[in-house]
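Here are the chains, one letter per residue:
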Amino acid sequence: MDEHHRNDTDGMSRRAVLGGLAGGLLLPTFAAAEDAPIGTYPAGATGDSVFVGITVPLTGAYAAQGQDVRKGFELAVEHLNTGNELIRKLSPLTKRGVLGKTVSFGVADSEAKPNTAIQAQSRFITQNKAIMIAGSVSSAVAVALNKLAQREKVIYLPGISGSNDTTGKDCVRYGFRTCFYGYTAAAALAPVLAREIGHNKKVAYLTPDYTFGHTVQQSVEAFTKGFGWTTATNQVAPLGAPDFSTFLLNIANSGADIFVDIGFGADAVNSVKQAKQFGILDKMKLVVPYNTPFLAQQVGAQLMQGVYASSDFWWTYSEQNEIARMFVAAFEEKYHYKPEFGADDGYLQFAFWADAVERAGTFYPPAVIKAYEAEVRRPSTVGEVYFRAADHQLVRPIFVLRGKAPAAMKGPDDYYDIVELTPGASVMQPPTLFGCKLGPYT
Amino acid sequence: MRLASSDVRRRILPELALALVLLLAPLIAPWVGFTADLLSRILVWGLFGIGFDILFGYTGLLSFGQAAVFGVGGFITAYLLTNGLIDSVLVALLLGTLAAAAAGVLIGLLALRRTGIYFAMITLAFAEMFFFIENSPLAAFTGGENGLPGVASPRFALGGFVLDIRSGWSMYGFLAVCFFLGYVLARRIVASSVGRVLIAIRDNPLRARALGHAIGAYKLAAFTIAAAYAGLAGGLLGVMQGYMPPEAFTFDTSGQLVMQTVIGGAGSLIGPLVGAAIWLWLRDVLQNTLGLGPAWKLVLGLVFVLLVTFLRRGVVGGVQLAWHRLRPPPEPVAAAVVDASPRAEVVELHAPVRHPLRENGPALEVTGLSKRYGGLLANSDIAFTVERGELRGVIGPNGAGKSTFFKMLTGEVAPSAGQILFNGQDITGHGVTDVCQRGLSKSYQINQLFGRLTVRQNLEIAVLAERRGRFRLDLWRPAARVPGAAARVEQVLALVDLAARADLPVSVLAYGEKRRLEIGLALATAPSMLLLDEPLAGMSPQERVETVKLLRQIGRDRTLVVVEHDMDAMFELAGRITVLCEGRVLAEGTPAEIQQSRAVQEAYLGGVHAA
Amino acid sequence: MLNWSNFAAQLFNGLATGALLALISVGLTIIYGTLGVLNLAHGALFMLGGYAGFVAFQATHSFLLALLAGAGFVMLAGLLIEWVVVRHFYARPAEDQILVTFGIGIVLVELVRAAFGSLAQTMPPPAWAAGVTSLGFLIYPTYRLLVMGIVAASLLALYLVLYRTRIGMVVRAGIEDAGMVSILGIDVQRVFLLVFGIGAMAAGFAGVVNAPIVSIMPDVGDNILVECFVVVVIGGVGSFPGAVAGGLIAGEIMSLTAMFDPSYSAVMLFAAMTLVLALRPQGLFGVAGRE
């Protein structure tokens, strides 16, 4: 029986058989010897290909964003396997595949639920020997998978995760985040708002009732305080409410000048549409501190004109940046629409992972992590970036966007002007501020 | 190693089979695409489901809010472990389980006041409220939507030997032990008297109550047991994956539990485990093996609709059905033959009585009894006294208020005015359970049996009420070991002549047999006074003769009050007869006096005229 | 924000949101009342109505035609669902009915997702009902005012059908006692089919009415469904007037709670339901003993 196991499923059965028979007596006693087995290494890196496990929401309220992230991942895998020119700009050592191995992947539906995501990724890790796992649209999933990654010693790369915690108090040695988060979004947005809209404004907040919503609200409040902005009302709405009328009525009656809508996904779409119905958008300036991919497409340019939003990426950046141009072109050719920031983050994540592995020269996770932590600067679709060693957060520019008037749009997807590209280093908190402790390599 | 007897072997066969499956699962799992993680999850769901099955499959209470207690157990355990308040995982699990049980008592006290869809909705409401509290006011403790990461794994130090449970197969082993113990415990509970009463509540709550079981307390016990299992499972989920997810509290969790239980087969304890295995495996197969992308859920929905449509009793139920078809039970035909033969009574058969007829004074004294339904006066100012050992007949035209009168006597309906003294004690408004426990019991006009149980099990429910009282939480003692219960059941079986049919389900009995069982149920509570509501209704002439004989026999040891339309039988049986008409006592006297009473004749003739 | 003008505004808004909830809940309660089936596909039928209306609107640019198309299409879907699946479940336990309709709901949602994708679709209100109207004490979206009118009219129409026509009489008799209807020699099968169709139609109609307010998305029915349960239970399961009253009460509870602490607005609904059930088990308009 044992023999068969070994032949059949190789590395996993080593765990299985030893773990099963010895009842988990395996203590992590091995020293830092370079090739000591850890996580899915070396089992997941012995063949001609390596496997990557992807979980994103394919159904449920975040499905549209999840699909966007997935496409970014998939395009990157395709580029890695074909040694595409674009990916080699981000990962200069890449030739074909990663360390010469083809990258294969599996996609599972997380339904935006942490538990489901853990279940799917656990399967990819044990069954497919995933050498790396990836994907999220909400921080709840990102935080959960962070912890799974640290426990299983498999590198994890979130897709979209806006919470400060992901590389803050819940950061892990095995997780790396490219996308922006509440704190940086607010920090980048505030000076632009002061400059464009003015000082001493009264603000009404619509805050979805969960940690992410509250952190973003507090960040915006804190960063705009210096410009004399005060809070007229903070309407905390239940997550996933289809009808925001009661909250919007309070906002309409609050006498505010600015309406800050913190909802994400379907919440953002519904609340913006309904704010328009209540005449709020006609008398207040709408600000979306953490933009939802496809928000403009779903509510229409009419409603988005003049709206300020911060984002990770906007495709018209391709007019200024060659890598962005190549990315948008390649993405559009394959998927027939302009990539949103989820796709961009997906692509960046895989490209930089390939880069780190190539620089490490091995899939051995501690070596790969150290390559990540070398703070090597790379060009990208958003300009030059690098991972901060102390909290594994990508230091990257934040886009501040303003919705275009329908008449000013040059094409159907030309929803925003890029008002500002705020350099990442200037808006990031010191790595210790949110209590990040990365944990061990092994 | 040989087991003591084939009986013991048969009794613990399910446990042995489960142990074997749990032991072999890791060896088979890789062949069918089950990982250690997946099996561990299935075990957590299965354990969660055992409790739910006791509540739903056995007691018949469909809850949509099990997530509330699952979450409480999970988050308390996870909080204690992540904040370093408790070092021992086992202690934290125990505290989480207790907290969930406490929450279960709280929710149960409110939710169990209703049944059916309303019960389901209240439990759902509690789950939603608990989720809100976890997500919003208590977010600082629970991590809000991010949940609680970093839950410790168990570690056991046995002497110098350290057992460190980490993820993978060692975790599976730990959970398998938990599940096995949970299963063994649940089997004990289900086989205990409490388990029997729970099944009775599922089948016919009103009769269970009328037989003297405090069904409210038993339901609360079932709800609490389910909550404790849920709490333990919730705690184990956090421990298993080192992370307590917030969606433990959501409606999806409650819904998935119900789905898995129904697919697997309710009322089998093992069904939820089977359902979880199918459900989680399908997810995997549709997404990973078939690579359906987002369409996986569409296919899952279709498969689910088909499963519910064609597998009526779930997978376990289907397997049981197939097994019984392959191996038909011993021929029940012999019983029918026995039934046709003349009654083998002749010998003196005495039915049980809990209060011997020694004391003096009347058995029942009713004064000024009235019942008003809105504007309708069903009974008005009834005075009614029955002496000990008497066999009293109550007659009256349709709508005379006989049924209402009986319902007040047994406590099923509270009177608007008046007093009922039973054996000199005031039982007015005491409720049917209490009245039955005092020795006053009734057989119903329309059979009130436990339809899915056998004849023997039916009587056992009644006997257990008399042996154990209104409520007792003897979860560890098998029902069969309740002192004197088995003998009592045999005694009543013989008395109502159903010994040969004892192990058949009630549903296959002939009408006359059901009628006798109906009387037997009331008799098995050993009443000192028995009310019989139209015991002869719908019987053939032959059956009537037999039943009259039976009534005479049981009347020897106790007081009987019989409502009957069959005048001939009544005049033959009863020592005295009371006539009710339009909710009042019209006349009372010996059969001869009543037959000659002009008032009575007019009442009946008047009834004819009016019709 | 506690002041009189906000109180008046929220009171009015509660009425408007409640009216919409009532409309959605009516279909649920009619089906439960007559067939005894708690239809968990109701949210999905509501969603389907929105999409059917959206497609019709894309083709014709007529709001009225969208309404008719949405209601008609979902009625057909409802008839089909009853005919193929649900009718085989009347004799089965309640949990089987709940689960099979739940499964049907999943299938409908995912079919729509496969056909239209997950992005929200937009259906504008009729041009003349866009914008806002000033009511003196508050400025309110014109379309939501229109919705109140539509709901009132359609509930009245449904009331007339149920209480003033022969077919309605049969349906109500079915609600009271399905066994009685069959004794009267009426084809119960067909009554049930019809009732399921009408209930589905009400959901589809509500879906179109709701479409200009809330985005058309595959998951839009999920949240609505739970709210509808609460409405139906507060009003009394199976009661037509109960669903209307329950809807209005639910709307007011959410609106008025939002004045004090908006984050509690959803949970208060459940607290209120628990309270109602504790005090009046059969719901406000329900018949005692029906469960």
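Quick look at the structure, then. This is a predicted model, so every value here is computed, not measured.

### Some remarks on the environment of Ser25(C)
Residue and element names in this part refer to chain C.
Right, on to step 1. Along the chain, Ser25 falls in helix H1 (residues 4-35).
Right, on to step 2. Residue classification places Ser25 among the buried positions, given a relative accessible area of 0%.
Right, on to step 3. Beyond its immediate sequence surroundings of up to four residues, Ser25 is in contact with Cys228, Val231, Val232 and Ala243.

### What to know about the interface of chain A and chain B
Many analyses report the size of an interface as the accessible area lost when the parts associate.
Right, on to step 1. With 44 residues of chain A at the contact, the number on the chain B side is 45 residues.
Right, on to step 2. Together chain A and chain B conceal approximately 3,800 Å² of surface at their shared face, both sides included; 51% is due to carbon and sulfur atoms.
Right, on to step 3. Among the residues chain A hides against chain B, the three largest losses belong to Gln119(A), Arg123(A) and Arg151(A). Together they make up 18% of the total.
Right, on to step 4. Where chain A packs against chain B, one counts four salt bridges.
Right, on to step 5. With its nearest N and O atoms 2.8 Å apart, the salt bridge here joins Asp252(B) to Lys113(A).
Right, on to step 6. Of all the elements in the fold, those that place two or more residues in the side of chain A that touches chain B are helix H1 (2-9), helix H2 (11-22), strand E2 (102-109), helix H5 (114-128), helix H6 (139-152) and helix H8 (211-225) of chain A.
Right, on to step 7. Top element by residues in the side of chain A that touches chain B is H5(A). It accounts for 10 residues.
Right, on to step 8. The residue inventory of the side of chain A that touches chain B, partitioned by class, reads 16 nonpolar, 17 polar and 11 charged.

### Brief notes about the pattern of salt bridges
Right, on to step 1. A full pass over the atoms with the stated rule returns 50 salt bridges over all chains.
Right, on to step 2. Where Lys169(A) meets Asp170(A), a salt bridge forms, and the shortest distance between an N and an O atom there is 3.3 Å.
Right, on to step 3. Residue class for Lys169(A) comes out partly exposed when judged on its relative accessible area of 48%.
Right, on to step 4. Here Asp96(C) ties to Arg92(C) by a salt bridge, and the two come within 2.9 Å at their closest N and O atoms. Arg92(C) carries the same exposure label as Asp96(C), and that label is buried.
Right, on to step 5. Among the charged side chains, a salt-bridge network with shared partners connects Glu111(A), Lys113(A), Asp252(B), Arg283(B) and Lys297(B).

Cut-offs applied
Residues numbered from 1 in each chain as written. Chains lettered and ligands numbered in written order. Predicted model: local features only at pLDDT ≥ 70, side-chain atom pairs only at ≥ 80, totals over all residues. Heavy atoms only, no water. Helix = DSSP H or I, 4+ residues; strand = E, 2+ residues; numbered from the N terminus. Buried < 20%, exposed > 50% of the residue type's maximum accessible area, 1.4 Å probe, protein only. Contact = heavy atoms within 4.5 Å. Buried area = accessible area lost by both parts, 1.4 Å probe. Salt bridge = Lys/Arg side-chain N within 4 Å of Asp/Glu carboxyl O. Nonpolar A, V, L, I, M, F, W, Y, C, P; charged D, E, K, R; others polar.

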